[in-house]
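Fold and geometry: a report
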Amino acid sequence: SQQGEEDPQALSIQEGENATMNCSYKTSINNLQWYRQNSGRGLVHLILIRSNEREKHSGRLRVTLDTSKKSSSLLITASRAADTASYFCATDALSNAGKSTFGDGTTLTVKP
Amino acid sequence: DAGITQSPRHKVTETGTPVTLRCHQTENHRYMYWYRQDPGHGLRLIHYSYGVKDTDKGEVSDGYSVSRSKTEDFLLTLESATSSQTSVYFCAISESGYTEAFFGQGTRLTVV
């Protein structure tokens, strides 16, 4: 069964707007990671947040983690057409150390 | 890009034949993973390795076997290919299992 579930499944916005994607998971984790996948390509790592961290930033990306709610969010600010991709969260559960479990992803479309 | 290469990139095979996919890394990372990705879904872990000759099953391991005789190579074998194994297969590497993973470009396998 999937540990992480992203919401929404699909998101369409205009260039310049912010995009927010959410990830919920079921069991306690060591860390949570976000990845991007462009159509037909492999996944690219965006950011890792550890269970004792609440927020991390990387360029236009902001990730939050709420372990009490077992949820995370990825915010992309000032989106660009090049941000069009699928975004996945991956959780590293305490009970399955070293084995990341991926959700089904959010497909983001940024219209020029 | 991380030094990770998958071969072949595309393969069409007949039902019942054995198939081997190869993942080669030049990063000397300890952990290596095989995932499959089906349309509209995230990645599901097939098998992973945490060292030479050390492997473990993932969530969808039935019908697959793996071997790792050298740090740099991780082989995935479909013992007797079935149509349900038509998918895109991704290899990933990770330094410690708790850090970011780097993905290969994927192998598109079609079983007819």
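Anyway, here's the lowdown on the structure attached to this text. (Residues numbered from 1 in each chain as written. Chains lettered and ligands numbered in written order. Predicted model: local features only at pLDDT ≥ 70, side-chain atom pairs only at ≥ 80, totals over all residues. Heavy atoms only, no water.)

**Focus: the interface of chain A and chain B**
- Facing 23 residues of chain A, the contacting portion of chain B comprises 23 residues.
- Both faces considered, chain A and chain B share a buried interface measuring about 1700 Å² in area, 46% of it formed by carbon and sulfur atoms.
- Viewed at the interface, chain B and chain A are joined by 0 salt bridges.
- Where chain A packs against chain B, one counts 7 residue pairs in polar contact (both at pLDDT 80 or more).
- Elements with a contribution of two residues or more to the side of chain A that touches chain B: β4 (29-37), β5 (43-50), β9 (85-93) and β10 (100-102) of chain A.
- Top contributing element to the side of chain A that touches chain B by residue count: β4(A), with 5 residues.
- Its residues assigned to classes, the side of chain A that touches chain B shows 6 nonpolar, 12 polar and 5 charged. (Contact = heavy atoms within 4.5 Å. Buried area = accessible area lost by both parts, 1.4 Å probe. Salt bridge = Lys/Arg side-chain N within 4 Å of Asp/Glu carboxyl O. Polar contact = N/O pair within 3.5 Å; in protein donor to acceptor, adjacent residues only side chain to side chain. Helix = DSSP H or I, 4+ residues; strand = E, 2+ residues; numbered from the N terminus. Nonpolar A, V, L, I, M, F, W, Y, C, P; charged D, E, K, R; others polar.)

**Section: the pattern of salt bridges**
Residues and elements named next belong to chain B.
- For the coordinates displayed, the defined rule picks out 6 salt bridges over all chains.
- Ionic pairing is found between Asp73 and Lys70, a salt bridge with its closest N-O pair at 3.3 Å.
- Ionic contacts of the salt-bridge type, sharing partners, join the residues Arg22, Lys70 and Asp73 into one network.

**Observations concerning the environment of Glu17(A)**
- Among the secondary structure elements, Glu17(A) is positioned in the loop between β2 (10-14) and β3 (19-25).
- On a C-alpha basis, the gap between Glu17(A) and Ala78(A) in space is 5.2 Å, while along the polypeptide they are 61 residues apart.

**Some points on the sheet that holds strand β8 (residues 71-76) of chain A**
Residue and element names in this part refer to chain A.
- The 5 strands lie next to each other as β1-β3-β8-β7-β6, forming an open sheet whose pairing is antiparallel. Both outer strands of the open sheet, β1 (4-7) and β6 (55-58), are each paired with one neighbouring strand and no more. On average, each strand axis in the sheet is tilted by 15 degrees relative to the strand beside it, whichever way the strands run.
- Relative to β3, β1 runs antiparallel, the two sharing 4 bridges. Paired with Glu5 across the bridge in β3 is Ser24. (Pairing = 2+ DSSP bridges. Axes fitted to C-alpha atoms, helices over the stretch in contact; angles between N-to-C directions.)

**With respect to the side chain of Arg68(B)**
All names here are of chain B.
- Considering the arrangement of structural elements, one finds Arg68 in strand β7 (residues 64-70).
- Polar side-chain contacts of Arg68 include one of 3.1 Å to the backbone oxygen of His29.
- A distance of 2.6 Å separates a polar atom in the side chain of Arg68 from the backbone oxygen of Arg30.
- Leaving out residues up to four positions away in the same chain, Arg68 has contacts with Gln25, His29, Arg30, Tyr31, Met32, Ser49, Tyr50, Gly51, Val52, Lys53, Asp73 and Phe74.

Such coordinate-based values are descriptive only and should not be taken to indicate function.
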